[in-house]
Amino acid sequence: MVTLQNATVVITGAASGMGRAMAVEFAEEGSNVVVVDVDEDGTDEVVSEITDDGGTAIGVFGDVSDTESVETVVETALEEYGTIDVLVNNAGILDDFAPAGDTSDDLWDAVIGVNLDGPFYLTREALPALKDGDEEGIVINTASIAGKVAGGGGAAYTASKHGLIGLTKHLSEAYGPDIRANAICPGAVKTGMTDDMEDELQEMSAVTPAERPADPEEIARVATFLAGDDSSFIHGTPVNVDGGMLVDK
Ligand SMILES: NC(=O)c1ccc[n+]([C@@H]2O[C@H](COP(=O)([O-])OP(=O)(O)OC[C@H]3O[C@@H](n4cnc5c(N)ncnc54)[C@H](O)[C@@H]3O)[C@@H](O)[C@H]2O)c1
């Protein structure tokens, strides 16, 4: 059971898009936010936005695919706030929808490195802090509808997001009730990732009951829900937040 007020929340990929919206949303709930990203300027901007508004946040330059960097993230969060209550593994990169035959080793390694190795490294590093204390630790992984069906990305992206849902279920099974882990599966969302994908967003909207892409804030509000008491009996679940895109799948 986590009270978001004064909870320490580590969010990766928080300089842009959904991560940024989550950082702002958690800060508005009174959480101490640790903004983690490879984009230093973007990280500084989000931290300033939060602190200018009276919230509490620090930025950590961190590459989730690098184990040393991940150690620094956890050390910094613990030094600053003494605990980690919520970990949101949100950083992710696309694979330009490359099918398996056109996926180089470098592309595969880069996408799996950020989207799957990253959440594994950071969760492993943060586990002792997440399990510490009387309250359950919360892990939220930003997966995708590409973690449930094919067609939402290429080989590496699809494999990474299916793997991330598997990791989420494993964490729940292995560490519940000390850890409550869930995944968010967005459909099409207007973010930095989809900035130059206007045609694709329109195509996806056409086959979505909501008939539009989501705003990042609509995903962020699901993250605060999954971190808080209102979702206390949801464990190990990949939650679709896709405007109904998978309704016939
Ligand atoms: N936008 C969509 O339509 C959509 C749909 C489904 C799932 N997703 C997933 O949502 C998550 C957030 O994506 P977004 O759409 O907000 O994208 P975004 O590009 O706006 O934000 C992603 C952030 O991750 C950061 N990042 C990239 N590599 C990193 C690394 N190695 N370490 C730390 N940070 C890193 C980037 O700098 C960026 O700030 C991703 O996991 C993505 O796969 C996005």
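Described below are features of the structure shown in this document. This is a predicted model, so every value here is computed, not measured.

**Re a negative patch on the surface**
On the surface, Asp 66, Glu 68, Glu 71, Glu 75, Glu 79, Glu 80 and Glu 125 cluster together into a patch of negative charge. No other element matches the 5 residues that helix H3 (residues 67-81) contributes to the negative patch. Structurally, the position occupied by Glu 71 is in helix H3. Under the relative-accessibility criterion, Glu 71 is labelled partly exposed at 34%.

**Topic: the packing of aromatic side chains**
As enumerated under the stated definition, the model contains 1 aromatic pair in all. With centroids separated by 5.8 Å and ring planes inclined at 45 degrees, the aromatic side chains of Phe 120 and Tyr 121 adopt a geometry described as tilted.

**Notes on unusual backbone geometry**
Gly 176 connects to Pro 177 through a cis peptide bond whose omega is 0 degrees. As for its placement among the helices and strands, Pro 177 is situated in the loop between helix H5 (155-175) and strand E6 (179-186). Even without being a glycine, Asn 6 presents a positive backbone phi close to 70 degrees. Looking at the element boundaries, Asn 6 is found in the segment before strand E1 (8-12).

**Observations concerning the site of the ligand**
Around the ligand sit 29 residues, and of these Ser 16, Asp 37, Asn 90, Tyr 157 and Thr 191 come closest. Residue Asp 63 places a side-chain N or O atom 2.8 Å away from a nitrogen atom belonging to the ligand. In this structure, Asn 90 approaches the ligand through a main-chain N or O atom, which is 2.8 Å from an oxygen atom. When isolated, the ligand has an accessible area of 840 Å², and the protein chains bury 91% of it. If you list the elements that add at least two residues to the shell around the ligand, you get helix H1 (17-28) and H5.

Quick notes on the rules
- Residues numbered from 1 in each chain as written.
- Predicted model: local features only at pLDDT ≥ 70, side-chain atom pairs only at ≥ 80, totals over all residues.
- Heavy atoms only, no water.
- Patch = residues over 30% accessible without salt bridge, like charges linked within 9 Å, V, L, I, M, F, W, Y side chains within 5 Å.
- Areas by Shrake-Rupley, 256 points an atom, 1.4 Å probe, with all protein chains shown as cover.
- Salt bridge = Lys/Arg side-chain N within 4 Å of Asp/Glu carboxyl O.
- Lys, Arg positive; Asp, Glu negative; His and termini not counted.
- Charge placed at Lys NZ, Arg CZ, Asp CG, Glu CD.
- Helix = DSSP H or I, 4+ residues; strand = E, 2+ residues; numbered from the N terminus.
- Buried < 20%, exposed > 50% of the residue type's maximum accessible area, 1.4 Å probe, protein only.
- Phe/Tyr/Trp six-rings, centres within 6.5 Å; stacked < 30°, edge-to-face > 60°.
- Near = heavy atom within 4 Å.
- Polar contact = N/O pair within 3.5 Å; in protein donor to acceptor, adjacent residues only side chain to side chain.

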